[in-house]
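# Topology and contacts: notes
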Amino acid sequence: MYPVIYRKGGFVFRSLQFVLGNKTFFKGLRQVVNECHYISCGLSRIQEIFENVSNQDLDWFFEEWFYSTEVPDYRVKNLTIIRENGKYLLNFEIVDESNFTMPLEIKVETDKGSVVKRIWIKGKARHSIECEGKPVAVILDPYEWIINKNREYQINGIKIVVE
């Protein structure tokens, strides 16, 4: 219960920042502070403010993050590496056991550097990343934008880390 009760609240807004981008998120946050400084604003008003500044329907986000005790539970599955023309193609599936819809950053570390990609997960997603060097690790959410179930394991000699 500790992660849900004590850490989820702050991470929800950090995750919203990741979804909306800094400019839109901080515009919405300023409006929340201005409007709700002297009066109590409910969650529905906060959602409305962020929807207005972003021009997006954020019902999916608020349903998953505010009205649920679940957090994403990411796992990498079906990982394969193909070497072709001196490059490596990493193919894999990311599955979220909690079935969230969320953007996710993936960092692939290789013996020649690293590559970071941002993809959308809607429960699961299949992805391919081309690398100059041999992949040694796949890190999901490397900059910890999202509260999730952390873990570390290996598949086919590749270290998998969920931050």
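Here's what I pulled together on the structure shown here. Note that the structure is predicted; figures quoted are calculated from it, not measured.

What counts and what doesn't
Residues numbered from 1 in each chain as written. Predicted model: local features only at pLDDT ≥ 70, side-chain atom pairs only at ≥ 80, totals over all residues. Heavy atoms only, no water. Helix = DSSP H or I, 4+ residues; strand = E, 2+ residues; numbered from the N terminus. Buried < 20%, exposed > 50% of the residue type's maximum accessible area, 1.4 Å probe, protein only. Areas by Shrake-Rupley, 256 points an atom, 1.4 Å probe, with all protein chains shown as cover. Lys, Arg positive; Asp, Glu negative; His and termini not counted. Charge placed at Lys NZ, Arg CZ, Asp CG, Glu CD. Disulfide = S-S within 2.5 Å. Pairing = 2+ DSSP bridges. Core = buried A, V, L, I, M, F, W, Y, C linked by side-chain atoms within 4.5 Å. Contact = heavy atoms within 4.5 Å. Phe/Tyr/Trp six-rings, centres within 6.5 Å; stacked < 30°, edge-to-face > 60°. Lys NZ or Arg CZ within 6 Å of the ring centre and 35° of its normal. Salt bridge = Lys/Arg side-chain N within 4 Å of Asp/Glu carboxyl O.

For the rest of this paragraph, the subject is the overall build of the protein. Secondary structure assignment for the protein yields four helices and eight strands. Considering only C-alpha atoms, the protein reaches an extent of 60 × 35 × 20 Å along its principal axes. Counting all 163 residues of the protein, 46% fall into the buried class. In the structure as shown, the protein presents an accessible area of about 9,000 Å², 47% of it carried by carbon and sulfur atoms. Each charge class in the protein was averaged separately, 22 positive and 22 negative side chains, and the resulting centres sit 4 Å apart.

Moving on: the state of the cysteines. Applying the stated criterion across every chain yields a total of one disulfide. Between the sulfur atoms of Cys36 and its disulfide partner Cys41 the distance amounts to 1.9 Å. Linking Cys36 and Cys41, the disulfide has an S-S dihedral of approximately -95° and is accordingly described as left-handed. This pair shows no difference in class: Cys36 is buried, exactly as Cys41 is.

Side chains on a regular strand alternate between the two faces of the sheet. Here strand β5 (residues 124-131) shows one buried face, formed by Ala125, His127, Ile129 and Cys131, and one open face, formed by Lys124, Arg126, Ser128 and Glu130. Bridge analysis of strand β2 (residues 87-96) against β5 gives eight bridges, and the strand direction is antiparallel. Within β5, the position partnered with Val95 by the bridge is Lys124.

Now for the nonpolar core. Grouped together as the largest cluster of nonpolar side chains are 45 residues, with contacts concentrated most on Phe50, Tyr74, Leu79, Ile94, Ile106, Val138 and Leu140. If you tally residues by element for this core, the top one is helix α1 (residues 2-20), at six residues. Excluding residues within four positions of it along the chain, Ile106 makes contact with Phe92, Ile94, Val115, Val116, Lys117, Ile119, His127, Ile129, Val138, Ile139 and Leu140.

What follows covers the environment of Val95. Relative to the elements of secondary structure, Val95 occurs in strand β2. When the C-alpha positions of Val95 and Lys77 are compared, they lie 7.3 Å apart, and in sequence the two are 18 residues distant.

This part takes up the packing of aromatic side chains. Tallied over the entire structure, the rule returns eleven aromatic pairs. With a centroid separation of 4.9 Å and 65° between ring planes, the pair formed by Trp65 and Phe100 is classed as edge-to-face. You can see Trp65 sitting in helix α4 (residues 59-66) and its partner Phe100 sitting in the loop between β2 and β3 (101-110), a full 35 residues away along the chain. The two residues Trp65 and Phe100 agree in class, both being buried. Ring-pair connections join several aromatic residues into one group, and the members of that group are Phe13, Phe25, Phe26, Phe50, Trp60, Phe61, Phe62, Trp65, Phe66, Phe100 and Trp120. We note Arg14 situated over the ring of Trp145; from NZ or CZ to the ring centre the distance is 4.2 Å. In this arrangement the basic side chain of Arg118 is found over the ring face of Phe18, its NZ or CZ atom lying 4.2 Å from the centre.

Here the focus is the pattern of salt bridges. Across all of its chains, the model carries ten salt bridges by this definition. A salt bridge links Glu130 to Lys87; the shortest N-O distance between them is 3.5 Å. A residue pair is termed long-range when its members are at least 10 positions apart, and Glu130 in strand β5 and Lys87 in strand β2 qualify at 43 residues. Exposure remark for Lys87: the relative accessible area of 29% places this residue in the partly exposed category. In this structure, Glu109 and Lys107 form a salt bridge, with 3.9 Å as the shortest nitrogen-oxygen distance. Bridged by salt links that share partners, the residues Asp73, Arg75, Lys77, Glu97 and Arg151 form one connected network.

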